[in-house]
Amino acid sequence: MKKTSTRLADGREIVYYDSRDDAVRDTPDRRPLGPVATTSEIRHDPLLGDSVAIASHRQGRTYHPPADECPLCPSRDGRLSEIPEPEYDVAVFENRFPSLAGDSGRCEVVCFTSDHDASFADLGDEQAALVLEAWTDRTAELAELPQVEQVFAFENRGAEIGVTLAHPHGQIYAYPFVTPRSALMLRSVAAHREATGRNLFDDLVAKEVEDGARIVLDGEHWVAFVPYAAHWPYEIHLHPKRRVPDLRGLDDAARTEFPQIYLELLRRFDRIFGEGEPPTPYIAAWHQAPFRAAGRDDFALHLELFTIRRTSGKLKFLAGSESGMSVFINDVPPEAAAERLREVASE
C-alpha cells in the first residue's frame, strides 16, 4: 500500500491509499473554495449523562446530487470534485460539513472506489483489503490527536438510512469523548470480569459458536453470527477469533481473510429479501475500544452489520418504545434471521 497525503483548496487534508507503489498523487485542487466554516459544539445532557453534537452548518450540505455532479467521483472531463485526481483507489478526506471539528473532534469521508455505480459488495478482495488498511491507518493517525478519545468507522448504505450521496463511501468520526454505547459495553465487561474472572466478549462468542443456531459464517480467523438479543431485523456481529481492542491489533492472517468473509456477508444481505428487491439498506459499524478508557484491553474489536428493512417493502421504524425508552422490539427472531442468511449463501 502507498499512502499520499496532500491538501484541498480550502486546507482540508486528503489522503490517497493505492495498491500500486508507483502511484503518483500530485494533482492540485483547482476549485475556488473559501475556508471551511463550522459551528460544531458538544453539549452535555446532565439528565442522561450523554453528549450531543450541535452542527447547524450541516443544513447546507450536498443533498442527492445527480450522478454527473457527484462530489465523490474523480475530477475529470472538466468537472472538479472533492477528489482532484482523475482516478483513485481509496481516498479519505476531511468532511467539508463535519458533525465534529476542532476541539470537538474530526469527521472524515472514506471513498471505497472511484466507480460511482459500485457498492462495497462489488469490490474485489484486493480493493476490500485496501479499504481495511485505510480504516486501520486512519485509526492510528486519529489516535494521535490529543482531543480524540474514540474512533468510529462506519458505512451508511441506502436512502432509507439517510444517505445523501449515492457514491460508495463511508465515514469516520473521531469523538472527543467515549460514546454511550461503548461506555455501556465497558461497564458490562468490567462487571463480568469481576464476577467471573473471564472476558465477556470471549464468553459471548464462545456461547454462540457452541450453540450454533445463530452462526452465519465461521472462518479460520473470523466468526459472524446473529446475536441472541439482536435489536434489528437482520443483524450480524463479525468478530476476529483472536480478540484485539481495535483495528491496529489485527494480524496478517485476519487481514487476509477479512475481505472473503465481509464481502460474502454483504452479498448475502442483498439477497435476503429475494430477487427483484432493491439493494438492502444497511449500516456497517466498527466498534473499537476507546483509547484511554479503563478496561480497554478487555474490549473486543467487532463489526456490527444491520438493516432497517424487516421484510419486503417494509422498514423497521424506531417508534415509541425504541425512541422514547430505548427498548427495542424485534419482529424477526434471531434464529430465523440466521437461517435466512445461511440460505442465501453464494454458490
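In short, a report on the structure. Model, not experiment: these values are computed from the prediction.

**Quick word on the packing of helix 2 (residues 180-196) against helix 3 (residues 200-211)**
Next, step 1: Remark: helix 2 packs on helix 3, axes separated minimally by 8 Å, with the N-to-C direction vectors making an angle of 90 degrees. Taken together, the axis directions place helix 2 and helix 3 in an arrangement best described as roughly perpendicular. For the pair helix 2 and helix 3, contact is made by M185, S188, V189 and H192 and by L200, F201 and D203, respectively.
Next, step 2: For the contact of helix 2 with helix 3, the residue count by class is four nonpolar, two polar and one charged.

**A look at the sheet that holds strand 1 (residues 2-7)**
Next, step 1: The antiparallel open sheet is built from 11 strands, whose spatial order is 1-2-5-6-8-7-12-13-11-10-9. Strands at the two margins of the open sheet, each flanked by one partner only, are strand 1 and strand 9 (215-218). With strand direction ignored, the average angle separating the axes of adjacent strands in the sheet is 20 degrees.
Next, step 2: Pairing between strand 6 (residues 106-111) and strand 8 (residues 169-175): six bridges, direction antiparallel. Bridging from a neighbouring strand, C107 pairs with Y173 of strand 8.

**Let's talk about the side chain of Q288**
Next, step 1: As for its placement among the helices and strands, Q288 is situated in the loop between strand 12 (282-287) and strand 13 (302-307).
Next, step 2: In terms of polar contacts, Q288 uses its side chain to reach the side chain of T139, at 3.1 Å.
Next, step 3: Reaching out from Q288, the side chain makes a polar contact with the backbone nitrogen of L247 at a distance of 2.9 Å.
Next, step 4: Non-local contacts of Q288, meaning those with residues more than four positions away in its chain, are made with T139, Q150, V151, S182, P245, D246, L247, F299 and L301.

**A few points about the side chain of H302**
Next, step 1: Following the sequence through the fold, H302 ends up in strand 13.
Next, step 2: Reaching out from H302, the side chain makes a polar contact with the backbone oxygen of A300 at a distance of 2.9 Å.
Next, step 3: A distance of 2.9 Å separates a polar atom in the side chain of H302 from a polar atom in the side chain of E304.

**A look at the nonpolar core**
Next, step 1: Of all hydrophobic cores here, the largest spans 55 residues; its most connected members are F120, W135, L238, L265, W286 and L305.
Next, step 2: Sequence-distant contacts of W135, that is, excluding residues within four places in its chain, are made with V110, F112, F120, A153, I172, L247, F258 and W286.
Next, step 3: I14, L72, C73 and Y88 belong to the second-largest nonpolar core, a separate cluster that totals 13 residues.

**Here's the deal with the packing of aromatic side chains**
Next, step 1: Taken as a whole and assessed by the stated rule, the structure comprises 18 aromatic pairs.
Next, step 2: Between the aromatic rings of F154 and Y173, the centroid separation amounts to 5.2 Å while the plane-to-plane angle is 85 degrees, which identifies the pairing as edge-to-face. Residue F154 is found in strand 7 (residues 150-157), and its partner Y173 is found in strand 8; the two are separated by 19 residues along the sequence. Take F154 and Y173: they sit in the same class, and that class is buried.
Next, step 3: Judged by centre distance (4.8 Å) and plane angle (10 degrees), the rings of W232 and F306 are stacked. One end of the pair, W232, is in the loop between strand 10 (222-225) and strand 11 (234-240); the other, F306, is in strand 13, and 74 residues separate them in sequence.
Next, step 4: A relative accessible area of 11% places F306 in the buried class.
Next, step 5: Cluster of aromatic residues (ring-pair linked, three or more members): F112, F120, W135, W222, F258, Y262 and W286.
Next, step 6: Over the face of the ring belonging to Y16 we find R25, whose NZ or CZ atom lies 5.6 Å from the ring centre.

Basis of the calculations
Residues numbered from 1 in each chain as written. Predicted model: local features only at pLDDT ≥ 70, side-chain atom pairs only at ≥ 80, totals over all residues. Heavy atoms only, no water. Axes fitted to C-alpha atoms, helices over the stretch in contact; angles between N-to-C directions. Helix = DSSP H or I, 4+ residues; strand = E, 2+ residues; numbered from the N terminus. Parallel < 35°, antiparallel > 145°, perpendicular 65-115°, else oblique. Contact = heavy atoms within 4.5 Å. Nonpolar A, V, L, I, M, F, W, Y, C, P; charged D, E, K, R; others polar. Pairing = 2+ DSSP bridges. Polar contact = N/O pair within 3.5 Å; in protein donor to acceptor, adjacent residues only side chain to side chain. Core = buried A, V, L, I, M, F, W, Y, C linked by side-chain atoms within 4.5 Å. Buried < 20%, exposed > 50% of the residue type's maximum accessible area, 1.4 Å probe, protein only. Phe/Tyr/Trp six-rings, centres within 6.5 Å; stacked < 30°, edge-to-face > 60°. Lys NZ or Arg CZ within 6 Å of the ring centre and 35° of its normal.

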